[in-house]
Amino acid sequence: IRFNNEGNMFIADYAIHNILYVAMDSKTVSVFAHDSSMSQPNDIAICKNNDLFASDPDWTHETGKLWYIKNDGKMKLLEDSMGTVNGIEVSPDEKKIYVNESIQRNIWVYDLSENGNISNKKLFIHFFDGGLDGMKCDITGNLYVARYDKGMVIKLSPEGKIIKEIKL
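Below or above, wherever it landed, is the structure these notes cover.

Rules and cut-offs
- Residues numbered from 1 in each chain as written.
- Predicted model: local features only at pLDDT ≥ 70, side-chain atom pairs only at ≥ 80, totals over all residues.
- Heavy atoms only, no water.
- Helix = DSSP H or I, 4+ residues; strand = E, 2+ residues; numbered from the N terminus.
- Buried < 20%, exposed > 50% of the residue type's maximum accessible area, 1.4 Å probe, protein only.
- Phe/Tyr/Trp six-rings, centres within 6.5 Å; stacked < 30°, edge-to-face > 60°.
- Lys NZ or Arg CZ within 6 Å of the ring centre and 35° of its normal.
- Pairing = 2+ DSSP bridges.
- Axes fitted to C-alpha atoms, helices over the stretch in contact; angles between N-to-C directions.
- Core = buried A, V, L, I, M, F, W, Y, C linked by side-chain atoms within 4.5 Å.
- Contact = heavy atoms within 4.5 Å.

1. Section: unusual backbone geometry
Link 1 in the chain: Backbone geometry places Lys27, a non-glycine residue, at a positive phi of 65°.
Link 2 in the chain: The topology assignment puts Lys27 in the loop between β3 (18–23) and β4 (28–34).
Link 3 in the chain: Relative accessible area serves as the criterion here: at 55%, Lys27 is assigned to the exposed category.
Link 4 in the chain: Even without glycine at this site, Asn120 takes up a positive phi of about 55°.
Link 5 in the chain: With respect to the helices and strands, Asn120 occurs in strand β12 (residues 118–126).

2. Here's the deal with the packing of aromatic side chains
For any pair of aromatic rings, the description consists of the separation of the ring centres together with the inter-plane angle of the planes.
Link 1 in the chain: Per the stated rule, a full pass over the model turns up five aromatic pairs.
Link 2 in the chain: Residues Phe10 and Phe32 carry aromatic rings whose centres are separated by 4.9 Å and whose planes lie at 70° to one another, so their mutual orientation is edge-to-face. Taken together, the positions of Phe10 in strand β2 (residues 9–13) and Phe32 in strand β4 put the pair 22 residues apart, joining distant regions of the chain.
Link 3 in the chain: Residue Phe10 is classed as buried on the basis of its relative accessible area, which comes to 3%.
Link 4 in the chain: Every member of this aromatic cluster is reached through a ring pair, and the members are Phe10, Tyr21 and Phe32.
Link 5 in the chain: Against the face of Trp108 rests Lys121, its NZ or CZ located 4.4 Å from the ring centre.
Link 6 in the chain: Residue placement shows Arg147 over the ring face of Phe127; its charged tip is 4.0 Å from the ring centre.

3. Considerations on the sheet that holds strand β8 (residues 75–82)
Link 1 in the chain: Pairing in this open sheet of four strands is antiparallel, and the strands run β5-β6-β7-β8 from one edge to the other. Looking at which strands have only one partner, the edges of the open sheet turn out to be β5 (44–46) and β8. Within the sheet, the average angular offset between the axes of one strand and its neighbour, ignoring direction, is 15°.
Link 2 in the chain: Across five bridges, the pairing between strand β7 (residues 63–69) and β8 is antiparallel. Looking at the pairing, Leu66 lines up with Glu79 of β8.

4. Structural notes on the nonpolar core
Link 1 in the chain: In this structure, Phe53, Ile97, Val99 and Tyr110 are the most contacted members of the largest nonpolar core, which totals 15 residues.
Link 2 in the chain: Counting only elements with at least two residues in this core, the list comes to β7, β9 (85–90), β10 (96–101) and β11 (106–112).
Link 3 in the chain: Not counting the four nearest positions on each side in its chain, Val99 is found in contact with Leu66, Met82, Val85, Gly87, Ile88, Asn106, Ile107, Trp108, Tyr110 and Met135.

5. Structural notes on the pairing of β10
Link 1 in the chain: With respect to burial, β10 is a largely interior element, five of its six residues being buried.
Link 2 in the chain: Alignment of β9 against β10, held across four bridges, turns out to be antiparallel. Residue pairing for β10: Val90 is matched across the bridge by Ile97.
Link 3 in the chain: Here β9 hands over to β10 after five residues, with Glu94 in that stretch at a positive phi of 60°.

6. A closer look at the sheet that holds strand β14 (residues 143–147)
Link 1 in the chain: Strand order in the open sheet formed by four strands is β13-β14-β15-β16, with antiparallel pairing between adjacent strands. Among the strands making up the open sheet, the edge pair consists of β13 (135–137) and β16 (162–167). On average, each strand axis in the sheet is tilted by 20° relative to the strand beside it, whichever way the strands run.
Link 2 in the chain: Of the pairings in the sheet, the one linking β13 to β14 comprises three bridges and is antiparallel in character. In the sheet register, Cys137 faces β14, and the bridge partner there is Leu143.

Right, dumping it as structure tokens:
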């Protein structure tokens, strides 16, 4: 779940391949974006201009896709040959996007252009155990990652160094 500048909610609806929009004043739910080729939209990230990115894992085949969703609901497939994508986050300066592959335990970082294109994919960090889930950046660019098999949240610097392990 992410909120736009007006406080309205976006929800990844994995069951019906949608990104839902909830108008918070009326609690009206509508389909914001849909593509039948999506497997299971899972996590979303949002930019200051309300453009979205969505992870789209296919757990059965341990693969996944990365989507860009313009603030008018138009979708564009950015990458379709990833592992089981899960957590996704845009850096505070909106120059990077982070995407993790839960089962493969990789976090990738891409350069992000103003029009939503990605380039220069690099391995940000790889873990040898413990699956990866949701991610969120703080205002200084540190990345917090849920590690469900480890029972922790890990804090990473913008350079991909482990700062802290927060046991839960």
